Amino acid sequence: MGTAILGTGAYLPERVMTNQDLEKIIDTSDEWIQTRTGIRTRCIGGKGEETYLLAARAAVSALEMAGVSAVDIDLIVVATISSHMLMPSCACFVQKEIGASKAFAYDINAACSGFVYALDLADKYIQADPGKKILVIGAEALSSRTNWEDRNTCIIFGDGAGAVVLGAVEGDRGVIGARLFSDGNLWSLLHMHTAPSCNPELLQSASPGVHIVMEGREVFKYAVKAMEEAILALLEQEQVALDAVSLVVPHQANVRILNKLVERLGIGAEKVFINVQKYGNTSAASIPIALDEANRASRIQAGDIVLLCSFGGGFTWGAALIRW
Ligand code: UT7
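Residues numbered from 1 in each chain as written. Predicted model: local features only at pLDDT ≥ 70, side-chain atom pairs only at ≥ 80, totals over all residues. Heavy atoms only, no water.

Q: Please clarify how the pairing of strand E1 (residues 2-11) should be interpreted in this entry.
A: For a regular strand, side chains alternate in direction, first toward one face of the sheet and then toward the other. Among the ten residues in E1, eight count as buried, and that is most of the element. Pairing of E1 with strand E7 (residues 159-169) involves nine bridges; the strand directions are antiparallel. Counterpart to Gly 2 in the pairing with E7 is Val 169. (Buried < 20%, exposed > 50% of the residue type's maximum accessible area, 1.4 Å probe, protein only. Helix = DSSP H or I, 4+ residues; strand = E, 2+ residues; numbered from the N terminus. Pairing = 2+ DSSP bridges.)

Q: Explain the domain arrangement of the protein chain here, please?
A: One frequent convention defines the size of an interface as the accessible area lost when the parts assemble. Parsing the protein chain into structural domains produces domain 1 (2-172) and domain 2 (175-323). The distance between the C-alpha centroids of domain 1 and domain 2 comes to 14 Å. Each partner contributes to the interface: domain 1 provides 51 residues, whereas domain 2 provides 44 residues. Note on domain 1 versus domain 2: buried area summed over both sides is about 3800 Å², and carbon and sulfur give 64% of it. Looking at the side of domain 1 facing domain 2, the largest losses of area belong to Cys 112, Val 116 and Tyr 117, adding up to 17% of the total buried there. Counting every contact that joins domain 1 to domain 2 gives zero salt bridges. At the junction of domain 1 with domain 2, the criterion picks out 25 residue pairs in polar contact (both at pLDDT 80 or more). Elements with a minimum of two residues in the side of domain 1 that touches domain 2: E1, helix H2 (30-37), strand E3 (41-44), helix H3 (51-66), helix H5 (114-128), strand E6 (134-141) and E7. When residues of the side of domain 1 that touches domain 2 are assigned to their parent elements, the largest contribution, seven residues, is made by H5. Broken down by class, the residue content of the side of domain 1 that touches domain 2 amounts to 22 nonpolar, 20 polar and nine charged. (Domains from an automatic or database assignment. Contact = heavy atoms within 4.5 Å. Buried area = accessible area lost by both parts, 1.4 Å probe. Salt bridge = Lys/Arg side-chain N within 4 Å of Asp/Glu carboxyl O. Polar contact = N/O pair within 3.5 Å; in protein donor to acceptor, adjacent residues only side chain to side chain. Nonpolar A, V, L, I, M, F, W, Y, C, P; charged D, E, K, R; others polar.)

Q: Before we go on, may I ask you to explain the site of the ligand in this structure?
A: For the ligand, the set of nearby residues contains 23 residues, the closest of which are Thr 28, Arg 36, Arg 217, Asn 254 and Asn 281. Residue His 251 places a side-chain N or O atom 2.8 Å away from an oxygen atom belonging to the ligand. Protein contact buries 78% of the 950 Å² of open area that the ligand shows by itself. The class makeup of the residues in the shell around the ligand is eleven nonpolar, seven polar and five charged. Each of domain 1 (2-172) and domain 2 (175-323) contributes no fewer than three residues to the shell around the ligand. (Near = heavy atom within 4 Å. Areas by Shrake-Rupley, 256 points an atom, 1.4 Å probe, with all protein chains shown as cover.)

Q: Mind showing me how you'd approach the side chain of Asp 304 here?
A: Within the element layout of this structure, Asp 304 appears in the loop between helix H9 (286-296) and strand E12 (305-312). Of note is the side chain of Asp 304, whose polar atom sits 3.4 Å from the side chain of Ser 246. Only 2.8 Å separates the side chain of Asp 304 from the backbone nitrogen of Gln 301, close enough to count as a polar contact. In this structure, Asp 304 is in contact with Ser 246, Arg 299, Ile 322, Arg 323 and Trp 324, ignoring residues within four places of it in sequence.

Q: What is the right way to read the sheet that holds E1 from this model?
A: Backbone hydrogen bonds hold the strands of a sheet together, and the pairing may be parallel or antiparallel. With mixed pairing, the five strands of this open sheet are ordered in space as E1-E7-E6-E4-E5. Both outer strands of the open sheet, E1 and strand E5 (104-108), are each paired with one neighbouring strand and no more. Ignoring strand direction, the axes of neighbouring strands in this sheet form an average angle of 20°. Of the pairings in the sheet, the one linking strand E4 (residues 75-79) to E6 comprises five bridges and is parallel in character. Within the sheet, the bridge partner assigned to Ala 79 lies in E6 and is Gly 138. Against the sheet, helix H4 (residues 90-98) contacts E4, E5 and E6, and its axis sits at roughly 130° relative to E4. Lying over the sheet, H9 contacts E1, E6 and E7, oriented at roughly 95° with respect to E1. (Axes fitted to C-alpha atoms, helices over the stretch in contact; angles between N-to-C directions.)

Q: Is there a simple way to explain the sheet that holds strand E13 (residues 316-323) in this structure?
A: Pairing is mixed in the open sheet, where four strands are placed in the order E8-E13-E12-E11. A single partner strand is all that each edge strand has here, and the edge strands are strand E8 (174-182) and strand E11 (247-250). Taking each pair of neighbouring strands and ignoring which way they run, the sheet shows an average axis angle of 15°. Where E8 meets E13, eight bridges bridge the pair, whose relative direction is antiparallel. Of the residues in E13, the one forming a bridge with Gly 177 is Leu 321. Against the sheet, helix H6 (residues 216-238) touches E8, E12 and E13, its axis set at about 140° to E8. Sheet contacts for H9: E11 and E12; angle to E11, the most-contacted strand, approximately 145°.

In structure tokens:
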């Protein structure tokens, strides 16, 4: 019995922001952004495109593909760092929005690794109780958590959501395994504060603002090394050869990070799915958006082994293997 992906879905906001649009608001250039990141455009949410609404639309699309009704979902897990409210969770808003009346729902925060973490969690629920149907969603409105005056970060991020429906199936289809890692010692290289504390004793001396702060060059170095190590550890754990992997669907942070990964692992570039040029870095949403795009473009066939890998704030990183 395996935990299979029964359907995938994604939703991207309507408004597309180009590098030329960014040239008008900060000191940057299309040439710099494309050379350093590979990004050309990103989607930016507007009215009616709050994080939970992006998540709900991605979920509905995944449910349709799976042929599963919202009322049959037992659990909704949303990976996000940019919910429109701190409480209730984004997942509770999704539950309400799609009418998943019997589901319990909660969010997890593992930054850009959130989807891989949530997938592993859902796999373990289903292994313990094969009757369960679970929605795992990665959803972000990072435009609401970006310092639009900081050219080091605002050119990178985008909004969007991706979702998968998981359920038990007979045979060898499904999640093969995962390896997850964290290192809180490195938190300061990539972080985001909450709003100032109401308790004066716990007040920060100066509120830095609720937006992403990143030491890009340092994060870059760790990201390449950590994802490579997670992939090799997972392949070893599951006794799967790299050659047996049909498609790698990585977290979409920067095309240069992905090129370096390809070089270090010695895999064919055609085996790595990349769409960062269109959507930028959508944090926890990037892998499920890419997975849905690859799936709908028939880049993944039944029986294929798909490898996911991620790196993000925390630091958090990991990899997962799925037999489609
Ligand atoms: O999602 C998971 C975690 N995030 C990541 O994985 C992101 C990892 N990091 C990166 O993708 C890259 O480090 C960035 C794209 C953020 C930056 O690229 P970089 O090649 O590491 O550039 P840098 O930060 O070393 O900056 C190089 C130069 C600097 O100028 P000086 O000091 O050399 O004169 C920056 O001030 O580029 C300048 N710069 C810019 N110039 C034009 C930084 N941002 C911009 C910009 N436009 N937007």
